[in-house]
Amino acid sequence: MSHDGVGSRAVLRATAFLTAGALAVPLLAGCGSDEKASRPLAGQDIAQATRDKVAQGGTVKWAVDALPETLNAYQADADAGTTRVAQATLPSMFQLDANGRPAVNPAYLESAKVIETEPRQVVLYKLNQQAVWSDGREIGAADFVAQWRALSGKDSAYWTARNAGYDRIAKIERGASDLQVRVTFSRPYADWKSLFSPLYPKDVMGTPDAFNDGARRKLRTTAGPFKVEKVDTAAKDVVLTRNPRWWGQPAKLDQITLHTVSRENRAAALADGTVDIADIDAAEAGRIRAATGGAGAGSPLVGGGKTSAKKLRSWALAHGLESKKVAHAGQKKLRRAITRYLEEQEALRSFDVRKSLEPAYTQLALNGAGGLLADERVRRAVARALDRKELAKLVLTPLGLPAEPVGSHLALSGQPAYADNSGALGGQDTKEAQALLADAGWVPGGPVKAEKKADKAAGPESAKDDEDRSEGGKDGEYIVGEDDKNHDGSDDKNERGDGGGRHLAQDGKQYSGQGGAPGAYAPKGTAAPAGAVNGPLAKDGQALNLRFVLPTGAGSETLNTVAGRISAMLEKVGIRTTVVKVPDESYFKDHIAAGDFDLALYSWPASAFPATDARPIFAKPAPAADGSVNVEQNYTRVGTDQVDQLFDQAASTLDEDESRDLIRKADTRIWAAAGSIPLYQRPQLVGVRKTLVNAGAFGFQTPVYEDMGFLKKGAKAVPSPSKS
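For clarity, every value in this text was computed on a predicted model and none was experimentally measured.

Caption draft 1: The overall build of the chain, seen in detail. A count of helices and strands for the chain gives 19 helices and 24 strands. Among the 724 residues that make up the chain, the fraction classed as buried is 55%.

In structure tokens:
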């Protein structure tokens, strides 16, 4: 897991608050079933071309962050590379369409539907009669049975990431023929379409040893347009080659090589031909766009005479060359670095930036486990201080992408469950934020006790960070408001965009004119402090200061810019933040998962099956047998029984409209609890060789690997929406 997001759906499955309890039922009704469906804010950008325009043959080199630790998507250490391999080589009964909705995959299924609901739910899969494994064996009931037994959770010898859905299956049997599979459930399961995607052969799922170790570096039996040729640990490559037993449209490419390239080296790897396609950040996208306008324009090396080292250094820094390498470099080294940069720019003219919105959103997480944010009024005040529209514009407008704040925790625009439920909490309102803080007892200009140590963040591991802090803070730490040197990001060069409460236990009618759920506002008569807040708010001798933990490293610039703007917004209502920057590799394990933060930024993917996949993210923390607290993936530690019940109900109804409405009700309660604030849908930027088609920024839709390839000479792809 990384701060940039959580990986595939299989990866996502791996691993006392009064807030929502006071909500009035009418405010949770959600949108009616006759409402107009939403649409994705941005479509695919893949240089689409019909197969007759795509040349036969060739190899595509595709950048991945790391060599996959496993090729088994149901293990805890599966990652995005694992998902890429599974999509290209294994059966999936359902795949996602352009709106992020599950659709029958005709390569493997003729149909799949619920044929009985009483006394038990029964799903009948009718398989494509041509579908076979690469060893020639038909795909059939034996494979479904093996996967069910491995993932059911009944045998602890299988080291599975999670068993959701499979634990509801009572039996699997052959239907009227070998091409039919009957799956009977012990209790109703709305998200049955999530199962058996991907489907592994029985020789991988059949025994614990095979499951645990047999598909980590090898996948002998496959059933997709490609097969796994080899995993080259020395070259850090996964090599996929055309599957000769594939019964569908034959793959255009001979080979796809997934090659490991670190994020900071993506532009250079594209330029030198190491890869043909790579996810990139905003800075690298800017380089590619600049290259198409002439790599040498404005070069300090153009023209006669020598250019001073000072001017060379200034030019290098202005063009994004790594500051550590050029800050103290002499003239010769600077000239070499600039020459190399300009050569790369020339090579980057052969690439396009294809862009869309990733099926994931970035959120502000508020740790409600303890500390200052255990008070739901303070959490709501934080939320009401935020201008989410401004934050979305900060990231997305410079990239030419739609800048709309995300209105749901459980779906994105275009998906059936999407509805903007943010009104349950309310929009940006400085006076309301200040009133909530005043109601919680935070007084502007109140006495603050001198402290030898900085305030601890909520969470068990904060104590170790309290030691030996000087008045000015540690390295990588500053207090917004005391050390305010452009930390709002307003003039920073990184502003280029990314790569219910106990006092309101009433019926809620008195708040209907305010547009939010009960608890989203301070009680009537609570005055907001007049004018701007002067000095820190204080309560019981303690200043209102929240510890904002952020990652460092490649790709973190946007999060840090957004955090700076958030800190400035909070400062306006009297909330100060201490920004603490930690190494990227320890950000999740040692801080987010451990609860060592007050505020943090990270992303979650949108799932086509939120009743199943989102439940562990928002489940109420529960005591474990060993005395610890099981938070599952709810790193904010904010949850309610009502939300859990709504998820359970949504997962157990076979009426799709009812399930969708229950998900929306759950989202409304999650908003009201103010444990996490969705900000914006993440940008998806992909650097792609111009001649490579049917590949790029896929958005919601599952890639069609057999259609990827290079354009025939003289052929043209459909114009990119990025350039229209």
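Back to the text.
Caption draft 2: Structural view of the pattern of salt bridges. This model, assessed by the stated rule, comprises 27 salt bridges. The residue arginine 263 makes a salt bridge to aspartate 65 at a minimum N-O spacing of 2.9 Å. Here the residue arginine 263 occupies a position in the loop between strand 10 (255-260) and helix 6 (266-271), and aspartate 65 occupies one in the loop between strand 1 (59-64) and helix 2 (80-89), the gap between them amounting to 198 residues. According to the relative accessible area criterion, arginine 263 is partly exposed, its value standing at 29%. Notably, a salt bridge pairs arginine 565 with glutamate 390, separated by 2.8 Å at the nearest N-O pair. Judged by relative accessible area, which is 30%, glutamate 390 ranks as partly exposed. When salt bridges that share partners are traced, they join Glu116, Lys171, Glu173 and Arg182 into one network.

Caption draft 3: Inspection of a positive patch on the surface at higher detail. On the surface, Lys332, Lys333, Arg336 and Arg340 cluster together into a patch of positive charge. Along the chain, the position of arginine 340 falls in helix 10 (residues 331-347). The class of arginine 340 is partly exposed, set by a relative accessible area of 48%.

Caption draft 4: Structural detail: the pairing of strand 10. Most of strand 10 sits out of view: five of its six residues are buried. Judged from the six bridges that link them, strand 1 and strand 10 form a sheet pairing that is parallel. Each bridged residue has a counterpart across the sheet, and for valine 64 the counterpart in strand 10 is threonine 260. Pairing geometry for strand 9 (residues 237-242) and strand 10, over five bridges, is antiparallel. Within strand 10, the residue paired with valine 238 across the bridge is leucine 258.

Caption draft 5: The pairing of strand 6 (residues 169-174), seen in detail. Of the strand pairs in this sheet, strand 6 and strand 7 (residues 180-185) are connected by five bridges, and their pairing is antiparallel. Bridge pairing links isoleucine 172 to valine 183 in strand 7. Between strand 6 and strand 7, which follow one another and run antiparallel, lie five residues.

Caption draft 6: Examining the sheet that holds strand 13 (residues 443-444) more closely. With antiparallel pairing, three strands are arranged side by side in an open sheet as 13-15-16. Sheet topology places strand 13 and strand 16 (542-543) at the edges, where each strand pairs with a single neighbour. As paired elements, strand 13 and strand 15 (residues 537-539) share two bridges and run antiparallel to each other. Residue pairing for strand 15: proline 444 is matched across the bridge by leucine 537.

Caption draft 7: Inspection of helix 19 (residues 656-673) at higher detail. For helix 19, with 18 residues, the first-to-last C-alpha span of 26 Å sits near the 26 Å given by 1.5 Å per residue. Within helix 19, 14 of the 18 residues are buried, which leaves it mostly tucked inside the rest of the structure. Two or three places before aspartate 657, at the start of helix 19, stands the capping residue aspartate 655, its side-chain oxygen 3.0 Å from that residue's backbone nitrogen. Phi turns positive, to about 55°, at alanine 674, one or two residues after helix 19.

Caption draft 8: Up close: the environment of aspartate 626. Examined against the element boundaries, aspartate 626 turns out to sit in the loop between strand 20 (622-623) and strand 21 (629-630). Residue classification places aspartate 626 among the exposed positions, given a relative accessible area of 64%. A polar contact of 2.6 Å, which involves the side chain of aspartate 626, links it to the side chain of serine 628.

Caption draft 9: Focus on the sheet that holds strand 7. Here we have four strands laid out as an open sheet, ordered 4-5-7-6, and antiparallel in their pairing. Edge strands, defined here as strands with exactly one partner in the open sheet, are strand 4 (109-116) and strand 6. Taking each pair of neighbouring strands and ignoring which way they run, the sheet shows an average axis angle of 15°. Across the sheet, helix 3 (residues 141-151) touches strand 5 (122-127), strand 6 and strand 7, and the angle it forms with strand 6 is around 160°.

Caption draft 10: Layout of unusual backbone geometry. A cis amide bond links glutamate 118 to the next residue, proline 119, at an omega of 0°. Mapped onto the secondary structure, proline 119 falls in the loop between strand 4 and strand 5. In the segment running from serine 197 into proline 198, the intervening peptide bond is cis, with an omega of 5°. By secondary structure assignment, the location of proline 198 is in the loop between strand 7 and helix 4 (202-205). With a phi angle near 60°, phenylalanine 196 is a residue other than glycine that sits in the positive phi range.

Caption draft 11: Seen up close, helix 18 (residues 641-652). In this model helix 18 runs 17 Å from its N-terminal to its C-terminal C-alpha over 12 residues, within 8% of the 16 Å that 1.5 Å per residue would give. Inspection of helix 18 places Val643, Asp644, Leu646, Phe647, Ala650 and Ala651 among the buried residues, and these make up the whole buried set. Burial along helix 18 is one-sided: seen end-on, the buried residues are contained in an arc of 160°.

Caption draft 12: Here's a closer look at the packing of helix 11 (residues 376-385) against helix 13 (residues 430-439). Two elements in contact, helix 11 and helix 13, have axes whose closest approach is 8 Å; the angle formed by their N-to-C orientations is 165°. Judged by the inter-axis angle, helix 11 sits roughly antiparallel to helix 13. Here the hand of the crossing between helix 11 and helix 13 comes out left-handed. Taking contact as the criterion, the partners of Arg377, Val378, Arg380, Ala381, Arg384 and Ala385 in helix 11 are, on helix 13, Thr430, Glu432, Ala433, Leu436, Leu437 and Asp439.

Caption draft 13: Focus on the packing of aromatic side chains. One pass over the structure, following the stated rule, counts 21 aromatic pairs. Ring geometry for tyrosine 125 against phenylalanine 196: centres 6.0 Å apart, planes inclined by 90°, an arrangement best described as edge-to-face. Of this pair, tyrosine 125 sits in strand 5 while phenylalanine 196 sits in the loop between strand 7 and helix 4, and the two are 71 residues apart along the sequence. Cluster of aromatic residues (ring-pair linked, three or more members): Tyr74, Phe94, Tyr125, Phe144, Tyr166, Trp192, Phe196 and Tyr200.

Caption draft 14: The nonpolar core, seen in detail. Of all hydrophobic cores here, the largest spans 72 residues; its most connected members are Met93, Tyr125 and Phe196. No other element matches helix 3, which puts seven residues into this core. Not counting residues up to four positions away in its chain, the partners in contact with tyrosine 125 are Met93, Leu109, Ser111, Ala112, Phe144, Leu179, Gln180, Val181, Val183, Trp192 and Phe196. Counting residues in each nonpolar core, the second largest holds 64 residues, with Leu372, Leu373, Val395 and Leu685 among its members.

Calculation criteria
- Residue positions are given per chain, counting from 1 as you read along its sequence in written order.
- Selection of residues for local features in this predicted model requires a pLDDT of at least 70, selection of side-chain atom pairs for listing and counting requires 80 or more, and totals for whole chains, interfaces and linings are taken over all residues.
- Note: side-chain values were computed over all heavy atoms of the structure, leaving out hydrogens and water.
- The helix and strand labels rest on DSSP assignments: H or I over at least four residues marks a helix, E over at least two residues marks a strand, and numbering proceeds from the N terminus.
- When a residue's accessible area, from a 1.4 Å probe over protein chains only, is under 20% of the maximum for its type it is buried; when over 50% it is exposed; and in between it is partly exposed.
- Salt bridge, as used here, is a side-chain nitrogen of Lys or Arg placed within 4 Å of a carboxyl oxygen of Asp or Glu.
- Excluding any residue in a salt bridge, patches collect residues exceeding 30% relative accessible area, merging like charges within 9 Å and nonpolar Val, Leu, Ile, Met, Phe, Trp and Tyr side chains within 5 Å.
- Exposure was quantified through the Shrake-Rupley algorithm and a 1.4 Å probe, taking into account, for residues, occlusion by the shown protein chains and nothing else.
- Charge convention: Lys and Arg are scored as positive, Asp and Glu as negative, and His as well as the terminal groups of each chain are ignored.
- Charge positions are represented by NZ for Lys, CZ for Arg, CG for Asp and CD for Glu.
- Paired strands, as defined in this entry, are two strands with at least two bridges between them according to DSSP.
- By definition here, a helix of n residues has an expected span of 1.5 Å times n minus one.
- Between N or O atoms, a polar contact is any pair within 3.5 Å; within protein, one atom must be a potential hydrogen donor and the other a potential acceptor, and residues adjacent in sequence are included only when both atoms are from side chains.
- To obtain each axis, a line is fitted to C-alpha atoms, and for helices this fit is confined to the stretch in contact; angles are then taken between N-to-C directions over 0 to 180 degrees.
- Contact between two residues is taken to exist if any of their heavy atoms lie within 4.5 Å; hydrogens are not considered.
- The reported arc concerns the directions from the helix axis to the C-beta atoms and nothing else.
- Here the word oblique covers every angle except those under 35 degrees (roughly parallel), over 145 (roughly antiparallel) and from 65 to 115 (roughly perpendicular).
- By definition, turning the near helix anticlockwise from the far helix through less than a right angle yields a left-handed crossing, and turning it clockwise yields a right-handed one.
- Aromatic rings from Phe, Tyr and Trp, taking only the six-membered ring of Trp, are treated as a pair when their centres fall within 6.5 Å; an angle between ring planes under 30 degrees marks them as stacked, one over 60 as edge-to-face, and anything in between as tilted.
- Grouping buried Ala, Val, Leu, Ile, Met, Phe, Trp, Tyr and Cys residues that are joined through side-chain atoms within 4.5 Å yields what is termed a nonpolar core.

Any link to function would need more than the numbers given here.
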